[in-house]
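# Geometric and topological summary
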Amino acid sequence: MTPSVSFAERRVINMKNIIKSIVYEILHSKLLLRMYLLFLGLYVFVAIINIDTGEGAGKTSGMLADGGALVYEIPIFVLALVVGVICGEDYKDKVANYEVLSGHSRKRIFLARSLFAIIAASVSCLVISFIPLIAGNIYAGWGNKLVLGDVVSRYLLLIFPYMRLAAFLVVITFVVKNHYAMMAIGFFIMEASIVMAELTNKANVYISIYNMKMLTSFDSWNIYNTDPVEGIIEYSSYNSSLNSEMVIGTIVVSLALTAFYLFLGYALFRRDELS
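A brief report on the enclosed structure follows.

### Here's the deal with the overall build of the chain
When its secondary structure is counted, the chain shows 11 helices and 2 strands. The order of α-helices and β-strands along the chain, N terminus first, is α-α-α-α-α-α-α-α-α-α-β-β-α. In the chain, which comprises 275 residues, the share counted as buried stands at 45%. Restricting the contact set of the chain to residue pairs at least 6 apart, pairs at least 24 apart contribute 78%. Approximately 14300 Å² of the chain is accessible, and the part contributed by carbon and sulfur atoms is 64%.

Structure follows, in structure tokens:
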């Protein structure tokens, strides 16, 4: 006898089939993969340039201490790119129409595309965020400005504000229905993040960009000394430790807002005519 398949199992299988079709399209077009590899290479280059020309005293920890925004600025654009391609590229071919006609419910279509987009985009951006640390460490060594374990923990937490921002971009994608428009929106958010980072020194967990700034910024103090040959010499010390408020706030707020954006996105998609 053929074992019966429960309704819940059928839903999971159907969602897996939708995700498989998305992965096939991504691998077939190769656009997303090529651009992602381009950004990986770009970040290796940027890390080396910043070590050689920045204020980090030729070491990776110094570069990251003085240029934390480097870690998340370009990944924000990649986040919009990945979400836009997964959730918005098929609108021109009306693939969602075909999926509905094939027996998939709108809820399964939305959850498969949005959850896959959020996870794929967040993990992809987290990998890019570690490139300056990895490439810089290989090229110039770590140094003594920051504690490596603390920095790794902070960067791992970036996946939560990435998830939150990705969920927000899912909602925007289902509104604009165009992955090229999402690239433009991603570029705008990336540029806005630079301005927003400069506007305040008091980052918080309630806005994703400020949350990223909080995780990549380090408290510091500076003293100066004078040398008859070298002139003014600056000495800096940084505190890279994490506190429970930062960790819990980042996780709880990000998960809550991700769930809210998913609810909002499905409310819009459920009423969409898929035209």
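### Some remarks on the layout of surface pockets
For the largest pocket, the calculated volume is near 700 Å³. Contributing to the lining of the largest pocket are 28 residues, with Lys213, Thr216, Ser217, Phe218 and Asp219 lying nearest its centre. Elements with a contribution of two residues or more to the lining of the largest pocket: α3 (60-66), α9 (179-199), α10 (208-216), β1 (219-227) and β2 (231-239). Each residue belonging to the lining of the largest pocket can be placed in one class, and the counts come to 11 nonpolar, 10 polar and 7 charged. A volume near 180 Å³ is recorded for the second largest pocket. Lining the second largest pocket, in full, are Val23, Ile26, Leu27, Leu32, Leu33, Tyr36, Val82, Ile86, Phe116, Ala120 and Ser124. Elements represented by at least two residues in the lining of the second largest pocket include exactly α1 (7-29), α2 (31-53), α4 (73-88) and α6 (106-140). Split into classes, the residues belonging to the lining of the second largest pocket amount to 10 nonpolar, 1 polar and no charged.

### A short note on the side chain of arginine 164
You can see arginine 164 is positioned in helix α8 (residues 159-176). Apart from the residues within four sequence positions on either side, arginine 164 is in contact with Val205, Tyr206, Ile207, Ser208, Asn211, Thr250, Val253, Ser254, Leu257, Thr258 and Tyr261.

### Brief notes about the side chain of lysine 213
Mapped onto the fold, lysine 213 is located in helix α10. On the basis of relative accessible area, lysine 213 is assigned to the buried category, the value being 13%. What lysine 213 contacts, discounting residues up to four positions off in sequence, is Tyr72, Ala197, Thr200, Asn201 and Ala203.

The rules behind the values
Residues numbered from 1 in each chain as written. Predicted model: local features only at pLDDT ≥ 70, side-chain atom pairs only at ≥ 80, totals over all residues. Heavy atoms only, no water. Helix = DSSP H or I, 4+ residues; strand = E, 2+ residues; numbered from the N terminus. Buried < 20%, exposed > 50% of the residue type's maximum accessible area, 1.4 Å probe, protein only. Contact = heavy atoms within 4.5 Å. Areas by Shrake-Rupley, 256 points an atom, 1.4 Å probe, with all protein chains shown as cover. 1 Å grid on protein atoms, 1.4 Å probe; cavity = no way out; pocket = protein on both sides within 12 Å on 5 of 7 lines; lining within 4 Å. Points joined across faces, edges and corners; volume = space filled by probe spheres on them. Nonpolar A, V, L, I, M, F, W, Y, C, P; charged D, E, K, R; others polar.

Keep in mind that these numbers describe shape and distance, not what the molecule does.
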